[in-house]
Amino acid sequence: MLGEIRGEVRFKEPLGFHTSLRIGGPADIFIVPQDVEDIRRALSFAEREQLPLEVVGGGNNLLVSDRGFRGVVLRLEGCLGRAEFHGEEAVAGAGVSLSALIREAAALDLGGLECLVGIPATIGGAIAMNAGTPDGWIGDFVSAVYFLHPDGTLGEFKPRLKLKKATQPLALASAGCVWKNPPGEVAGRLVEKVGLKGKRLNGAEISSKHANFIVNRGGAGAADIKTLMDMTRTRVRNQFGIALEPEIRMLGEI
């Protein structure tokens, strides 16, 4: 069935090449689908072989084990890496870079998306993670989302996303916000209050610019990131009785 996929199929592909943290071992099978039929074939293959399947876009908000991922990784490019404009509306694939969409819109003298400049995400990732800035959020501009069910059928929903505000340390490799904001609290403020802002472990650092980010200053491994996360969760729970929930996705055993 993999032979029927018209896009790219790679084996033992290093995932560090595909994450914003530049961390991650190999995926057993790495697929870049050419079209929606390729995605359906990949879903069917993974189900038949009983393999876990994960979808990635720009690799933001993603921490991959140094040992890699034992399964199928589907990177959305190809037909899902393009956008078409119809008047003042755009139909954008999940793999389209948010920054590229903003540039294309500006080239057509279309405005409104400027408030999302600087968010390192694909359209699919931005929607999934409720990406936004103090001046606006992705949900302000989305009228409908179309998706594939595991059985390959097409679904649709009208998103109602929550506003998320953050000042991001854009100059360094990071995975976006690490923790969800607890009810009535701000995760970054809690991390700062327990004294972990700027805390380093090898090449990993809880950002001194924004305590809800962990950055890779060079040479960090997934285990370093995970250790800082565990330390943060423990201190916040012990000091405030609050259990932080991760916003970052983790692939593989870390």
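Residues numbered from 1 in each chain as written. Predicted model: local features only at pLDDT ≥ 70, side-chain atom pairs only at ≥ 80, totals over all residues. Heavy atoms only, no water.

A. Highlighting the pattern of salt bridges. Applying the stated criterion to the full structure yields 17 salt bridges. In this structure, E4 and R41 form a salt bridge, with 3.9 Å as the shortest nitrogen-oxygen distance. Pair noted here: E4 is in the segment before β1 (8-14) and R41 is in helix α1 (residues 36-49), with a separation of 37 residues, a long-range link. Since its relative accessible area comes to 23%, R41 is described here as partly exposed. E205 is paired through a salt bridge with R200; the nearest N and O atoms lie 2.7 Å apart. Linked through salt bridges whose partners overlap, the residues forming this network are E4, D38 and R41. (Salt bridge = Lys/Arg side-chain N within 4 Å of Asp/Glu carboxyl O. Helix = DSSP H or I, 4+ residues; strand = E, 2+ residues; numbered from the N terminus. Buried < 20%, exposed > 50% of the residue type's maximum accessible area, 1.4 Å probe, protein only.)

B. Local environment of the sheet that holds β1. Reading across from one edge, β1-β2-β5-β3 is the order of the four strands in this open sheet, with mixed pairing throughout. Strand pairing shows two members of the sheet lacking a second neighbour, β1 and β3 (53-56), which therefore form its edges. Between one strand axis and the next, the sheet turns through 30° on average, direction left out of account. As paired elements, β3 and strand β5 (residues 69-75) share four bridges and run parallel to each other. Looking at β5, one finds that L53 is bridged to V72. Along the sheet, α1 contacts β2 (26-32), β3 and β5; its crossing angle with β5, the most-contacted strand, is approximately 165°. (Pairing = 2+ DSSP bridges. Axes fitted to C-alpha atoms, helices over the stretch in contact; angles between N-to-C directions. Contact = heavy atoms within 4.5 Å.)

C. View of the side chain of T232. Looking at the element boundaries, T232 is found in helix α5 (residues 222-240). Taking relative accessible area as the criterion, T232 reaches 1% and is therefore assigned buried. A polar contact of 2.8 Å, which involves the side chain of T232, links it to the backbone oxygen of L228. With sequence-adjacent residues up to four places away left out, T232 is seen in contact with W179, V191, L196, I206 and L244. (Polar contact = N/O pair within 3.5 Å; in protein donor to acceptor, adjacent residues only side chain to side chain.)

D. Layout of the nonpolar core. Ranked by internal contacts, the top residues of the largest apolar core, which has 23 residues, are I23, L63, W179, I206, I214, I225 and M229. Take this core: its biggest share by element is five residues, from α5. In this view, M229 contacts L63, V178, W179, I214, P246, I248 and M250; residues no more than four positions away in its chain are not counted. By size, the runner-up hydrophobic cluster in this structure holds 20 residues, among which are A83, I102, L113 and V145. (Core = buried A, V, L, I, M, F, W, Y, C linked by side-chain atoms within 4.5 Å.)

E. Broad picture of unusual backbone geometry. Of note in this structure, K12 is not a glycine but carries a positive phi near 55°. Note that K12 resides in strand β1. Even without being glycine, N202 reaches a positive phi, approximately 55°. Mapping N202 onto the fold places it in the loop between β13 (200-201) and β14 (204-206). For N202, a relative accessible area of 61% translates into the label exposed.

F. Region of the structure containing the environment of E114. Here E114 is to be found in the loop between α2 (98-107) and α3 (123-128). Residues E114 and I102, spaced twelve residues apart in sequence, show a C-alpha to C-alpha distance of 7.0 Å. In this structure the side chain of E114 is engaged in a polar contact, spanning 2.7 Å, whose partner is the backbone nitrogen of G112.

G. Inspection of α1 at higher detail. Under the 1.5 Å per step criterion, the end-to-end length of α1 is 20 Å for 14 residues, consistent within 8% with the ideal 20 Å. Each element contacted by the buried residues of α1 is listed here: β2, β3, β5 and β10 (145-148). Capping the start of α1, D35 holds a side-chain oxygen 3.2 Å from the backbone nitrogen of E37, two or three residues further along. Backbone geometry just after α1 places Q50 at a positive phi near 55°. (Expected span 1.5 Å × (residues − 1).)

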